[in-house]
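What the coordinates show
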Amino acid sequence: MKVTIIRSNRKTLSIQLKPGEIIARAPLRMKDKEIYSFIESKKSWIEKNLAKIDEVQPFTEEEINALAEKAKAIISERVKYYAPKIGVTYNRITIRCQRTRWGSCSSKGNLNFNCLLALFPVEVIDSVVVHELCHRKYMNHSPQFYAEVEKVFPEYKKWHKWLKDNGGIFLNRIPK
C-alpha cells in the first residue's frame, strides 16, 4: 500500500484514504517512525474503510449539480437560523464540490460549503454551519472558538466525529 506523508504546520496527525493510498498529514517535526506506528495502530480501520472506498462509484456531473442545488436550499436556511443565535452577520454563501473541506469562512464573511453536505443528516449540516459562523467571531480554532461552537450546538463533537468517520467515503466519490 502506498503511503504518502504530507508535513505541514499542524499539531495533530491524521489519515486520509484514497483508492490504493494512505495519506498521512503530520506535523513538521514528527518522526517517520511515529507516523508509521500510528498507521499500524489504525490498521483495521484502514482496511475496513479502504474496502468501502473500492466499492464506491464516482458521482456524475448531473448528481453533483443536483446536490449543489439541494445543499444551497438547506444550508441557506440553516445559516439564516443560526447567524442571529451566534450574533454574527455574513456575506454570500457559496456551494462547491470540494475534495478536502466541508466548509470555510473568509475574513470578509463569505461562507463556502461542500455540496456533499446535502447527503448527510441535518445535525451534520448544522455542525458545519455553526463551525463556520463561529469563525465570524474567532478566525481560529482556539478554546474560545470551540466554547462558542458548543454553546450554540452542544452536540457538535458527536456530529463532527460522525462526519470525520463517514465523510471520507463521499469525498472519494468526487470525480478527478
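In this text, all values refer to a predicted model and were calculated from it rather than measured experimentally. (Residues numbered from 1 in each chain as written. Predicted model: local features only at pLDDT ≥ 70, side-chain atom pairs only at ≥ 80, totals over all residues. Heavy atoms only, no water.)

**Topic: helix 3 (residues 61-86)**
Taking 1.5 Å per residue as the helical rise, helix 3 with its 26 residues ought to reach 38 Å, and the 35 Å between its terminal C-alpha atoms agrees with that figure. What helix 3 keeps buried is the set Ile64, Leu67, Ala71, Ile75, Ser76, Val79, Tyr82, Ala83 and Ile86. Buried residues along helix 3 sit in contact with strand 4 (93-96), strand 6 (111-114), helix 4 (122-134) and helix 5 (143-152). Note on helix 3: the residue one or two positions beyond its end, Gly87, has a positive phi of about 85 degrees. (Helix = DSSP H or I, 4+ residues; strand = E, 2+ residues; numbered from the N terminus. Expected span 1.5 Å × (residues − 1). Buried < 20%, exposed > 50% of the residue type's maximum accessible area, 1.4 Å probe, protein only. Contact = heavy atoms within 4.5 Å.)

**Focus: the environment of Lys72**
The residue Lys72 is located in helix 3 in this model. Looking at Lys72, the relative accessible area reads 35%, which means it is partly exposed. Separated by 41 residues in sequence, Lys72 and Phe113 place their C-alpha atoms 8.7 Å apart. Once residues within four sequence positions are removed from consideration, Lys72 is found in contact with Ile93 and Ile95. There is a polar contact of 2.7 Å between the side chain of Lys72 and the backbone oxygen of Ile93. (Polar contact = N/O pair within 3.5 Å; in protein donor to acceptor, adjacent residues only side chain to side chain.)

**Section: the sheet that holds strand 4**
In space, the 3 strands of this open sheet follow the order 4-6-5, with mixed pairing throughout. Only two strands of the sheet have a single partner each, and these edge strands are strand 4 and strand 5 (103-105). Mean inter-strand twist for the sheet, computed between neighbouring axes without regard to direction, equals 15 degrees. Pairing geometry for strand 4 and strand 6, over 4 bridges, is parallel. Residue pairing in the sheet places Ile95 in a bridge with Phe113 of strand 6. The sheet contacts of helix 3 involve strand 4 and strand 6, and relative to strand 4 the element is tilted by about 145 degrees. Along the sheet, helix 4 makes contact with strand 5 and strand 6, crossing strand 6 at roughly 155 degrees. (Pairing = 2+ DSSP bridges. Axes fitted to C-alpha atoms, helices over the stretch in contact; angles between N-to-C directions.)

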